[in-house]
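Spelled out, the chains give:
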Amino acid sequence: MSPDTVLDVTALPAIPRPGRVLMTSPDHFEVAYVINPHMAGNVGEVDRQRARGQWEALRETYERLGVETAVVAGATGLPDMVFCANQTLPYQTPGGERGVVLSRMHAAQRKPEVDHYERFFQGEGYETHGLDPDLPGDFEGMGDAIWHPGRYLLWGGYGYRTDPQVYTRLGDKLGFPVRTLSLTDPDFYHLDTCFCPLDEETALIYPGAFDADGLATIRAHFRRTIEAPESEARTLFACNAHSPDGEHVIIQRGCTETAALLQAGGYQPVEVDTDEFLKSGGSVFCMKLMYW
Ligand code: ARG
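Residues numbered from 1 in each chain as written. Predicted model: local features only at pLDDT ≥ 70, side-chain atom pairs only at ≥ 80, totals over all residues. Heavy atoms only, no water.

Draft legend 1. Quick look at the overall build of the protein. Regarding its fold elements, the protein presents seven helices and 14 strands. Across the 292 residues in the protein, those meeting the buried criterion constitute 59%. A separation of at least 24 residues holds for 70% of the contacts in the protein among residues at least 6 apart in sequence. Total accessible area on the protein stands at roughly 10,900 Å², and carbon and sulfur atoms take up 49% of it. (Helix = DSSP H or I, 4+ residues; strand = E, 2+ residues; numbered from the N terminus. Buried < 20%, exposed > 50% of the residue type's maximum accessible area, 1.4 Å probe, protein only. Contact = heavy atoms within 4.5 Å. Areas by Shrake-Rupley, 256 points an atom, 1.4 Å probe, with all protein chains shown as cover.)

Draft legend 2. Here's a closer look at the sheet that holds strand β5 (residues 127–129). Sheet architecture is open: three strands sit in the order β3-β4-β5, paired in mixed fashion. Since the sheet does not close on itself, it has two edges, and those belong to β3 (88–92) and β5, each with one partner. Taking each pair of neighbouring strands and ignoring which way they run, the sheet shows an average axis angle of 20 degrees. In the sheet, β3 pairs with strand β4 (residues 98–102) via five bridges, with the strands oriented antiparallel. Its bridge partner lying in β4, Thr 88 is registered against Leu 102. (Pairing = 2+ DSSP bridges. Axes fitted to C-alpha atoms, helices over the stretch in contact; angles between N-to-C directions.)

Draft legend 3. Representation of the site of the ligand in the model. Neighbouring residues of the ligand: 15 residues in total, closest Asn 86, Arg 161, Asp 192, Ser 280 and Cys 286. Measuring from an oxygen atom of the ligand, one finds a side-chain N or O atom of Arg 110 at 2.9 Å. Within the backbone of Ser 280, one N or O atom sits 2.8 Å away from a nitrogen atom of the ligand. For the ligand, the accessible surface in isolation is 340 Å², of which the surrounding protein chains cover 100%. Cavity membership is defined here by more than half of the atoms lying within 2 Å of grid points; on that basis the ligand lies in the second largest cavity. Its residues assigned to classes, the shell around the ligand comprises five nonpolar, six polar and four charged. (Near = heavy atom within 4 Å. Polar contact = N/O pair within 3.5 Å; in protein donor to acceptor, adjacent residues only side chain to side chain. 1 Å grid on protein atoms, 1.4 Å probe; cavity = no way out; pocket = protein on both sides within 12 Å on 5 of 7 lines; lining within 4 Å. Sits in = over half its atoms within 2 Å of the grid points. Nonpolar A, V, L, I, M, F, W, Y, C, P; charged D, E, K, R; others polar.)

Draft legend 4. Spotlight on the pattern of salt bridges. Summed over the entire model, instances satisfying the criterion amount to 18 salt bridges. Arg 52 is the salt-bridge partner of Glu 56, the closest N and O atoms lying 2.9 Å from each other. Placement of both Glu 56 and Arg 52 in helix α1 (residues 48–64) is noted, with a separation of four residues, approximately one turn of the helix. Accessibility expressed as a relative area gives 30% for Glu 56, which makes it partly exposed. Classification of Arg 52 by relative accessible area gives partly exposed; the value is 28%. The network of salt bridges with shared partners includes Arg 50, Asp 273, Asp 275, Glu 276 and Lys 279. (Salt bridge = Lys/Arg side-chain N within 4 Å of Asp/Glu carboxyl O.)

Draft legend 5. Focus on empty space enclosed by the protein. Scanning all chains against the criterion turns up three cavities of 30 Å³ or more. Put simply, the largest cavity is a space of about 180 Å³. Lining of the largest cavity is provided by 16 residues; of these, Arg 17, Pro 18, Trp 147, Pro 149 and Met 290 occupy positions nearest its centre. Here the residues of the lining of the largest cavity sort into eleven nonpolar, four polar and one charged. Its boundaries defined by the atoms lining it, the second largest cavity holds a volume of some 70 Å³. (Points joined across faces, edges and corners; volume = space filled by probe spheres on them.)

Set out below in structure tokens:
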């Protein structure tokens, strides 16, 4: 999909790291339907109180690391709204303009979530735009579209939720290059389940979720990859981690091998428990949205 020229990442326009995260209160979180393989067998199985405690602990972790958090209230009838990485893609251009692209959710059940975030960002003074009406295809925001840390370059996963032509159009409109990655394993249905850029030079990935072209593209643009073992990536969402500062990596508890690799690479793993959310196919990265 991508015109796979290798970009000199250090020569791309710089953008600041987003300093804030948005979260969505889990009051209405549950597994009510099955739209990814992790949800199968978990309908009705969420312990709401436990989920609430895990969500609070994640929020406190961000605050402790010096990241400001904001909260959009979860809405009745939208059990997946808590995964607030998916409904939008916030951006800041190298010139300092802030805006947000609104998603077109793949599953009918999740489509009404988007309006809640449009309202939030309007209140924040962001320019909000939907996809062009003439453009077919879906787009699931930061579930599939992930900024290269510190650079105006977008990584775009496709195959299960987002359609790749969306990236081309967004890149043309907003003036950034895109490198697309084909997702090849249904357990890794969003890019954020298998690809976690930690800093400008390093990405934590699960290589088994990509094809040979995709892996080559990742390796050509990051000086170093840290590779999570299959068991931790598939069942504990090891790559759905998040580094808000290029130093700490917030990651699901029990990803022992991945945590050791991170530590050996000079990072500080910060363990949290998100196992109620794993029942729905999400962990740390999906439970928050980075914005400026
Ligand atoms: N149950 C949700 C869904 O399928 C989980 C979303 C997780 N989000 C993510 N960015 N991976 O759509």
